[in-house]
Amino acid sequence: MEFEQFCNLLPKIELHAHLNGSLSAFSLQKLGCSNEQISEYQQLADLQATEKTLNECFKLFKVAHSATKNQQSVYLATKYVIEDFFNENVAYLELRTTPREEQNMTKADYIESVIRAIKDCDKNIIVKLLLSIDRSDDLKCEENLELIIKMRQKYPNVIKGVDFSGNPYNGTFDPKLFQKARNCGLFITLHCAEIKNDEEVEEILKFRPDRIGHGTFLHPNFGGNDSIWKLYLDTNIPLECCLTSNVACGTAKSYKQHHLQEWIKNSLPFTLCTDDKGVFGTNLSKELGLAYQYFSLTPTNLWEMTQKTVSYTFASDEEKKVLTKILQDWKVKNHF
Ligand SMILES: [Zn+2]
């Protein structure tokens, strides 16, 4: 089997995908974006990660937000994103999104629309929802968490966790808030060390979230320091690694100089993710291909990474068994 074909056909697990940023230009077109918006979106999304600027990426997020301003478009957007992941053989998807309020839509309506699309999905893919708390929305964090907890009680099999995201230059991590979420049975994944902010990183690691996103400035060779790295090693928290996103946002200098190499070298837990595949013009199969190209991860390495990722998911034990079996059967069927 050709390597590209392997990456596409492997039953994959995606744990870090933001709903709006995952929309393809084609989906945005179906959601009513103008031809002008679409051609600009496509052009920017198709640029190589190293050629993009952060401002251009933000422009793309704005287009996606403008296309999902009512319940029907949020429902359809969720449906399209799930179908795109399914079409590249993602078997398990944790989709994340920040509940958004618009003129004719409350945050609860927004969540209900996403959940309806997940429940209506008739494809062979397991989908779970993580709700994000926007760190820029400091004053509303508590209120947003209350809503998440309420919705979780209504949909315990779909809403599995809470994420902390948004502009890393704004807001601060509040362990009390996330402890409250944890006490209500929610799993916690936090965007961590996207920028250099040792004090916050230390607090996040001491809180011991179930997973962290990015983890860019942790290792001393990548802007971290010895005590932060030691703390990370003690916690051994699985990393959601988003290669293209980090290169496009300029937090990693290049694919080759990406901090993932420290995780590989030290056999630390990680999984490859897309972050915002629409905005960054990627998909999970391509990210696997990049890990092969730049870090020599073989098909066997990538299969094993996926197999280990099963235990990092927020799925039920029963669902984890199903995923393990899918991967085992696939390996046997494809003789490798
Ligand atoms: Zn992210």
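Described in the following lines is the structure provided in the data block. For clarity, every value in this text was computed on a predicted model and none was experimentally measured.

## Focus: the overall build of the protein chain
Then comes step 1: Helix and strand content of the protein chain: 15 helices and eight strands.
Then comes step 2: Taken over C-alpha atoms, the radius of gyration comes to 19 Å for the protein chain, in line with the 20 Å a tight globule of 336 residues would show.
Then comes step 3: If one aligns the C-alpha atoms of the protein chain with their principal axes, the spans along those axes are about 50 × 45 × 45 Å.
Then comes step 4: A buried classification covers 55% of the 336 residues belonging to the protein chain.

## Notes on the coordination of the zinc ion
Then comes step 1: The protein atoms that coordinate the zinc ion are His-16 (NE2), His-18 (NE2), His-191 (NE2) and Asp-275 (OD), at distances of 2.1 to 2.2 Å.
Then comes step 2: Note that the zinc ion binds four donor atoms; their angles at the metal cover 83 to 167°, and the shape is irregular.
Then comes step 3: The sequence motif formed by the donor residues of the zinc ion is H-x1-H-x172-H-x83-D. Highlighted residues: His-18 in strand 1 (residues 12-18) and His-191 in strand 5 (residues 187-192), separated in sequence by 173 residues.

## Thoughts on the pattern of salt bridges
Then comes step 1: In this structure the tally under the stated criterion is 19 salt bridges.
Then comes step 2: Two residues, Arg-211 and Glu-240, come together in a salt bridge whose shortest N-O distance is 2.6 Å. Of this pair, Arg-211 sits in strand 6 (residues 211-214) while Glu-240 sits in strand 7 (residues 239-241), and the two are 29 residues apart along the sequence.
Then comes step 3: On the basis of relative accessibility, which here comes to 0%, the residue Arg-211 falls in the buried class.
Then comes step 4: Judged by relative accessible area, which is 0%, Glu-240 ranks as buried.

## Digging into the pairing of strand 2 (residues 90-97)
Then comes step 1: With eight of its eight residues buried, strand 2 lies for the most part within the structure.
Then comes step 2: In this structure, strand 1 lies alongside strand 2, joined through five bridges in parallel fashion. Among the inter-strand pairings, Ala-17 is bridged to a residue of strand 2, identified as Leu-95.
Then comes step 3: Looking at chain direction, strand 2 and strand 3 (residues 126-134) are connected through six bridges and run parallel. By the bridge assignment for strand 3, Thr-97 is matched with Leu-131.
Then comes step 4: Crossover handedness for the path strand 2 to helix 6 (residues 107-120) to strand 3: right-handed.

## Here we look at the sheet that holds strand 7
Through backbone hydrogen bonds, the strands of a sheet pair up, either in parallel or in antiparallel fashion.
Then comes step 1: The sheet built from eight strands is open, its strands ordered 1-2-3-4-5-6-7-8 with parallel pairing. This sheet does not close on itself; its edge strands, each paired only once, are strand 1 and strand 8 (270-272). Pairs of neighbouring strands in the sheet enclose a mean axial angle of 25°, with direction left out of account.
Then comes step 2: Pairing of strand 3 with strand 4 (residues 159-165) involves six bridges; the strand directions are parallel. Paired with Ser-132 across the two strands is Asp-163, which belongs to strand 4.
Then comes step 3: Against the sheet, helix 7 (residues 141-154) engages strand 3 and strand 4, with an angle of about 160° to strand 3.

## A word on the packing of helix 9 (residues 198-207) against helix 10 (residues 226-235)
Then comes step 1: Where helix 9 contacts helix 10, the axes come no closer than 10 Å and their chain directions differ by 15°. Here helix 9 lies roughly parallel to helix 10, going by the angle between them. At the point where helix 9 passes helix 10, the crossing takes the left-handed sense. Between helix 9, through Asp-198, Val-201, Glu-202, Leu-205 and Lys-206, and helix 10, the contact on the second element is made entirely by Ile-228, Leu-231, Tyr-232 and Thr-235.
Then comes step 2: Across the contact of helix 9 with helix 10, the residue classes tally to five nonpolar, one polar and three charged.

The rules behind each value
Residues numbered from 1 in each chain as written. Predicted model: local features only at pLDDT ≥ 70, side-chain atom pairs only at ≥ 80, totals over all residues. Heavy atoms only, no water. Helix = DSSP H or I, 4+ residues; strand = E, 2+ residues; numbered from the N terminus. Rg over C-alpha atoms; globule rule 2.2 N^0.38 Å. Buried < 20%, exposed > 50% of the residue type's maximum accessible area, 1.4 Å probe, protein only. Donors = N, O, S within 2.8 Å, 3.2 Å for Na, K, Ca; no water. Tetrahedral: all angles 85-135°; square planar, octahedral: opposite > 155°, others 65-115°. Salt bridge = Lys/Arg side-chain N within 4 Å of Asp/Glu carboxyl O. Pairing = 2+ DSSP bridges. Right-handed = clockwise from strand over helix to strand, strands pointing away. Axes fitted to C-alpha atoms, helices over the stretch in contact; angles between N-to-C directions. Contact = heavy atoms within 4.5 Å. Parallel < 35°, antiparallel > 145°, perpendicular 65-115°, else oblique. Left-handed = near helix turned anticlockwise from the far one by under 90°. Nonpolar A, V, L, I, M, F, W, Y, C, P; charged D, E, K, R; others polar.

Function-wise, these values are silent; they only describe arrangement.
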